[in-house]
Amino acid sequence: MSDNRFTDHLGRPIIAVTGMGVITSLGQGLQDNWAALTSGTSGIHKITRFPTEGLSTRISGTVDFIDVPADNAVERSYAFARETTAEALAQADLSGDFEGPLFLAAPPVEPEWSARFALADRAPPSQVEGDAYDRFLAAMRERPDPAFLEAVQFGSISERLADRFGTRGLPVTLSTACASGATAIQLGVEAIRQGRTDRSLVVATDGSVSAEALIRFSLLSALSTQNDPPEKASKPFSKDRDGFVIAEGAATLVLESLESAVARGAKVLGILKGCGEKADHFHRTRSSPDGGPAIATIRAALEDAGMDESRIGYINAHGTSTPENDKMEYGSMLAVFGDRLKDIPVSSNKSMIGHTLTAAGAVEAVFSIQTMLTGTLPPTINYVNPDPTIVLDVVPNQKRDQQVTAVLSNSFGFGGQNASLVMTLEPA
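Residues numbered from 1 in each chain as written. Predicted model: local features only at pLDDT ≥ 70, side-chain atom pairs only at ≥ 80, totals over all residues. Heavy atoms only, no water.

Asker: Any chance you could break down the overall build of the protein chain for me, citing the residues and the numbers?
Answerer: When you go through the protein chain residue by residue, the secondary structure sums to 13 helices and 15 strands. Taking 22 Å as the expected radius of gyration for a compact globule of 428 residues, we find that the protein chain reaches 21 Å, a close match to that expectation. With respect to the three principal axes, the spread of C-alpha positions in the protein chain is 70 × 55 × 40 Å. Per-residue burial over the protein chain gives 60% buried out of 428 residues. In the protein chain, the proportion of contacts linking residues at least 24 apart, taken out of those at least 6 apart, comes to 77%. (Helix = DSSP H or I, 4+ residues; strand = E, 2+ residues; numbered from the N terminus. Rg over C-alpha atoms; globule rule 2.2 N^0.38 Å. Buried < 20%, exposed > 50% of the residue type's maximum accessible area, 1.4 Å probe, protein only. Contact = heavy atoms within 4.5 Å.)

Asker: Account for the nonpolar core, with residues named and values stated.
Answerer: By size, the foremost hydrophobic cluster in this structure holds 44 residues, and its most contacted members are V17, I185, L253, L255, L272, I369 and L421. A total of seven residues in this core trace back to one element, the largest contributor, which is helix 13 (residues 360-374). Not counting residues within four places of it along the chain, the set of residues in contact with L253 comprises V17, G19, I185, S200, L201, V202, A362, V366 and I369. (Core = buried A, V, L, I, M, F, W, Y, C linked by side-chain atoms within 4.5 Å.)

Asker: Go over the packing of aromatic side chains, please, and point to the residues and values.
Answerer: Tallying each qualifying case throughout the model produces two aromatic pairs. For R160, the ring lying beneath its charged end belongs to Y78, and the centroid distance is 4.0 Å. (Phe/Tyr/Trp six-rings, centres within 6.5 Å; stacked < 30°, edge-to-face > 60°. Lys NZ or Arg CZ within 6 Å of the ring centre and 35° of its normal.)

Asker: For the environment of E364, give the residues involved together with the corresponding values.
Answerer: Within the element layout of this structure, E364 appears in helix 13. Here the alpha-carbon distance between E364 and N316, two residues 48 residues apart in the chain, equals 7.1 Å. When neighbours within four sequence positions are excluded, E364 is seen to be in contact with N316, A317, N349, K350, S409 and N410.

Asker: Can you break down the pattern of salt bridges residue by residue, with the values?
Answerer: All told, the structure shown has 18 salt bridges when counted by the stated rule. Put simply, E83 and R82 hold a salt bridge, and the shortest N to O gap is 2.8 Å. By relative accessible area, which is 26% here, E83 ends up partly exposed. Since its relative accessible area comes to 18%, R82 is described here as buried. (Salt bridge = Lys/Arg side-chain N within 4 Å of Asp/Glu carboxyl O.)

Asker: How would you sum up the pairing of strand 14 (residues 406-413)? Please name residues and give values.
Answerer: Here strand 14 lies mainly inside the structure; eight of its eight residues are buried. Both faces of strand 14 are covered, namely the face carrying A406, L408, N410 and F412 and the face carrying V407, S409, S411 and G413. Two elements, strand 10 (residues 314-316) and strand 14, share three bridges in a ladder whose sense is parallel. Each bridged residue has a counterpart across the sheet, and for Y314 the counterpart in strand 14 is V407. (Pairing = 2+ DSSP bridges.)

Asker: Account for the packing of helix 10 (residues 292-305) against helix 11 (residues 323-337), naming residues and giving values.
Answerer: It is the contact of helix 10 with helix 11, at a shortest axis distance of 8 Å, that shows an interaxial angle of 45 degrees. Relative to helix 11, helix 10 is oriented oblique. The chirality of how helix 10 crosses helix 11 is right-handed. Touching A294, I295, I298, R299 and L302 of helix 10 are M328, S332, M333, A335, V336 and F337, all from helix 11. Its residues assigned to classes, the contact of helix 10 with helix 11 comprises nine nonpolar, one polar and one charged. (Axes fitted to C-alpha atoms, helices over the stretch in contact; angles between N-to-C directions. Parallel < 35°, antiparallel > 145°, perpendicular 65-115°, else oblique. Left-handed = near helix turned anticlockwise from the far one by under 90°. Nonpolar A, V, L, I, M, F, W, Y, C, P; charged D, E, K, R; others polar.)

Structure follows, in structure tokens:
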């Protein structure tokens, strides 16, 4: 007979978080990140990785303090993931092979401009003219380039992580835009709930900031152009917000059944109580203005958690600082929480770390659990010109000491990808 101390309202295993690791533009490791985040420090800065002359956006939250063997998105993303995973496993007191599945959220993989030009320049004389991809293939046939090959394979990050940390089975790599990190967590949760494993390793990483990325998002009018000073650019829920600040980072969470965690004497940091995910077919980049899919996502997460909205004490908002998305998210939360919303603290980590894209959902899940553990609510900085149409307690500009035991974290992404997570402290 199963022990109901370890099962939820639907008889499924309760999912514990026993290890966490994080890297953002604020620094490496949970301790440094949390100290900076709660002090209201911004990690946004002028871009030095590549020339920005002529670009309308010249700022970012790049992570430039981790050494990589080659300057490309795959190597950066792998390095961030490697470091956060080592930190999370150490906190979970797990050594040796992990012996559980790996779920990785990673950015879309493609060669950067500099790599394409370099490869094209290597094409043999007979291929100087003609289709660019024919020239690429001819260059590769003439002289194989393992580093380039590694940089353009979608599964290379997860395979390297699996080899390094001894995960079990075929690693899963997913990319669901800004919801990727939360989606990876949901997959890790479901693997345990379905009885396929006692533990799962969830990693979300993004080191994809490049000139091409800035140009693409700028063409969508999605990025802030308030370059000076950089640290003031991201201002979620403010009247003068003008776009998000693109950034990099990674987070790793060790998930395991509560029964497994208790049996091995692990410290339980928090509980992954519920996950909700819904699709939005309104537009390939914009969310539905009426917030219908986002509303359904939040409600699905609460239903999965077996909780009503009255239990939520804090919301870690998607809070991108784009005019449309902030308005849509506010309307969605208002539809779910009603008049009580104005009394629920709602802050955006992106005001300080920028939007870490593929990594955001997991980075913000780590910070949400840390919020409960420490009884400290991170602020939303740069909140000096409130939007009168968005009536929220955004924990403006300074942290707040307040103990909460249940948190909602939202991730609403391009392409209609929406995911919400409900997290709680360890059950009594």
